[in-house]
Amino acid sequence: MDAIISLFNAAVVFGTVIMFGAIGEIIAEKSGSLNLGVPGIMYLGGIAGLVGAFFYESSVDEPNRLVCVIIAVLCCFAVSFLGGLIFSFLTITLRANQNVTGLTLTIFGSGVANFFGGSLNKLAGGVGQISVSATSSAFRHGIPGLKSIGGGIGQMFFSYGFLVYIAIASAVLLSIYLKRTRQGLALGAVGENPGAADAAGINVTKYKYLATCFGAAISGFGGLFYVMDYTKGTWANDGTIEALGWLAVALVIFATWKPYNTIWGSYLFGILYWAFFYISGLTRSSQELFKMLPYIVTIIVLVAVSMRKKKENQPPEALGLSYFREER
């Protein structure tokens, strides 16, 4: 039972990182913007929150945990939003190639984050010496009174930081927004046929900008959660955030562009990724094969969805295409 609880906890923490990235990317892709810069955005969100929290904690004797959280969240949101704005300006206004721009943003984000992460390490006295313990503990604090429920129930469902529950709520609310609101339906129309949406009086540029920028901001929280919860307030230049960012992009396909599917899909990815740790007798090579399972499952789902050819399981028709109004 303890092994099952431990695997479930690892899957939830792991899955929440990629859930944020996938939710943000779904918003962007619903508008027709294919932002492959998700890993870079997650890098920017993570380092921004860490830098803000580090300088605040370093400047006061007794950091206020609420202030720590607010500073980290605002820094993460602002810098991630800016990353989305850069992508939007290049691809929507200047009509640059979305694939190239996204990949460039990933390289840019990782470079900037690792530069500032290395600088923080030096300021703190060496690699692994960054201390934002107050902020990290605030992000990892479970639900009081519920995490101690007997039978392992509390440990399985109520022992996580608040961002886990915000990620789940975001997926549910986004599903409702896309299906039940006028703005959500308009956003879907922009992604499917921007020319027809423009003719109907929908401001295509506005919807694309807002969806891409706010989608990037949400993806950035995946990086913040990784830094504050997954690695407990430290910075390591090991490329893990980039790997999780690409898993988030894969999760978008696995979820067939439906936000509520990212909830169970992300946790399934987490279970598949960490299952090797709970199986005895595996070699190093076997462990690496187990880590490939989320990608293999995504490929299988992609093939199955392509064969069935159901409209509701397909990506937006205008995904990745620049909109030229004069060609309408």
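It should be emphasised that the depicted structure is a prediction, and the values quoted were computed from it without experimental measurement. (Residues numbered from 1 in each chain as written. Predicted model: local features only at pLDDT ≥ 70, side-chain atom pairs only at ≥ 80, totals over all residues. Heavy atoms only, no water.)

A. Region of the structure containing the overall build of the chain. Of regular secondary structure, the chain possesses 14 helices and zero strands. When the helices and strands of the chain are placed in sequence order, the string is α-α-α-α-α-α-α-α-α-α-α-α-α-α. When the 328 residues of the chain are sorted by exposure, 49% land in the buried category. Total accessible area computed for the chain in this model is approximately 15,100 Å², and 66% of it derives from carbon and sulfur atoms. Both charge centroids of the chain, one from 21 positive and one from 16 negative side chains, sit 8 Å from each other. (Helix = DSSP H or I, 4+ residues; strand = E, 2+ residues; numbered from the N terminus. Buried < 20%, exposed > 50% of the residue type's maximum accessible area, 1.4 Å probe, protein only. Areas by Shrake-Rupley, 256 points an atom, 1.4 Å probe, with all protein chains shown as cover. Lys, Arg positive; Asp, Glu negative; His and termini not counted. Charge placed at Lys NZ, Arg CZ, Asp CG, Glu CD.)

B. Main features of the nonpolar core. Ranked by internal contacts, the top residues of the largest apolar core, which has 68 residues, are Ile-18, Leu-50, Met-228, Trp-235 and Leu-244. Of all the elements, helix H1 (residues 2-30) adds the most residues to this core, at 11 residues. With near-sequence residues (within four places) excluded, Trp-235 lies in contact with Tyr-43, Gly-46, Ile-47, Leu-50, Ala-113, Asn-114, Gly-117, Gly-118, Asn-121, Ile-130, Val-227 and Ile-241. (Core = buried A, V, L, I, M, F, W, Y, C linked by side-chain atoms within 4.5 Å. Contact = heavy atoms within 4.5 Å.)

C. The arrangement of the packing of aromatic side chains in detail. All told, the structure shown has 15 aromatic pairs when counted by the stated rule. Taking 5.5 Å as the distance between ring centres and 80° as the angle between the ring planes, the aromatic pair formed by Phe-54 and Phe-55 counts as edge-to-face. Using a relative accessible area of 47% as the deciding quantity, one classes Phe-55 as partly exposed. Aromatic ring contacts, followed pair by pair, group Phe-14, Tyr-273 and Trp-274 into a single cluster. (Phe/Tyr/Trp six-rings, centres within 6.5 Å; stacked < 30°, edge-to-face > 60°.)

D. Main features of a nonpolar patch on the surface. A surface patch of nonpolar side chains, amounting to about 610 Å² of accessible area, comprises Leu-82, Leu-85, Ile-86, Phe-89, Leu-90, Leu-94 and Phe-108. The element best represented in the nonpolar patch is helix H3 (residues 65-93), accounting for five residues. Overall, the relative accessible area of 45% leaves Phe-108 in the partly exposed class. (Patch = residues over 30% accessible without salt bridge, like charges linked within 9 Å, V, L, I, M, F, W, Y side chains within 5 Å. Salt bridge = Lys/Arg side-chain N within 4 Å of Asp/Glu carboxyl O.)

E. Quick look at unusual backbone geometry. Positive phi outside glycine occurs at Arg-95, with the angle close to 60°. As for its position among the elements, Arg-95 is in the loop between H3 and helix H4 (98-124). The phi dihedral of Trp-257 is positive, around 60°, even though this residue is not glycine. Turning to its location among the elements, Trp-257 is positioned in the loop between helix H11 (240-254) and helix H12 (261-274).

F. Main features of the side chain of Thr-262. Position of Thr-262 relative to the elements: it lies in helix H12. Given the relative accessible area of 0%, Thr-262 is considered buried. A polar contact is formed between the side chain of Thr-262 and the backbone oxygen of Pro-259, at a distance of 2.5 Å. (Polar contact = N/O pair within 3.5 Å; in protein donor to acceptor, adjacent residues only side chain to side chain.)

G. Quick look at helix H2 (residues 38-59). Over its 22 residues, H2 runs 32 Å from end to end, which matches the ideal 32 Å to within 8%, given 1.5 Å per residue. Here H2 lies mainly inside the structure; 18 of its 22 residues are buried. (Expected span 1.5 Å × (residues − 1).)

H. Summary view of the side chain of Ser-31. Inspection of the secondary structure puts Ser-31 in the loop between H1 and H2. For Ser-31, the side chain forms a polar contact with the main-chain oxygen of Ala-28, separated by 2.6 Å. The contacts of Ser-31, once residues within four sequence positions are left out, are Leu-187, Val-190, Gly-191, Tyr-207, Lys-208, Ala-211 and Thr-212.

I. Broad picture of the packing of H1 against H12. The geometry of H1 relative to H12 is characterised by a closest axis approach of 7 Å and an angle of 130° between their N-to-C directions. Considered as vectors, H1 and H12 are oriented oblique to each other. Read as a crossing pair, H1 and H12 show a hand that is right-handed. Contacts between H1 and H12 pair Leu-7, Ala-10, Ala-11, Val-12, Phe-14, Gly-15, Thr-16, Ile-18, Met-19, Ala-22, Ile-23 and Ile-26 from the former with Thr-262, Ile-263, Ser-266, Tyr-267, Phe-269, Gly-270, Ile-271, Tyr-273 and Trp-274 from the latter. (Axes fitted to C-alpha atoms, helices over the stretch in contact; angles between N-to-C directions. Parallel < 35°, antiparallel > 145°, perpendicular 65-115°, else oblique. Left-handed = near helix turned anticlockwise from the far one by under 90°.)

J. Main features of the environment of Ala-11. Looking at the element boundaries, Ala-11 is found in helix H1. Each C-alpha atom, one on Ala-11 and one on Gly-188, is 31 Å from the other, the two residues being 177 residues apart in sequence. When neighbours within four sequence positions are excluded, Ala-11 is seen to be in contact with Ser-266, Tyr-267, Gly-270 and Ile-271.

K. Layout of the environment of Leu-224. With respect to the element layout, Leu-224 can be found in helix H10 (residues 204-230). Classification of Leu-224 by relative accessible area gives buried; the value is 0%. Note: C-alpha distance between Leu-224 and Ala-48 (176 residues apart in sequence) is 8.1 Å. Once residues lying within four places of it in the same chain are set aside, the contact partners of Leu-224 are Gly-45, Gly-46, Gly-49, Ala-72, Val-73, Cys-76 and Phe-139.

Nothing here speaks to function; it is all geometry.
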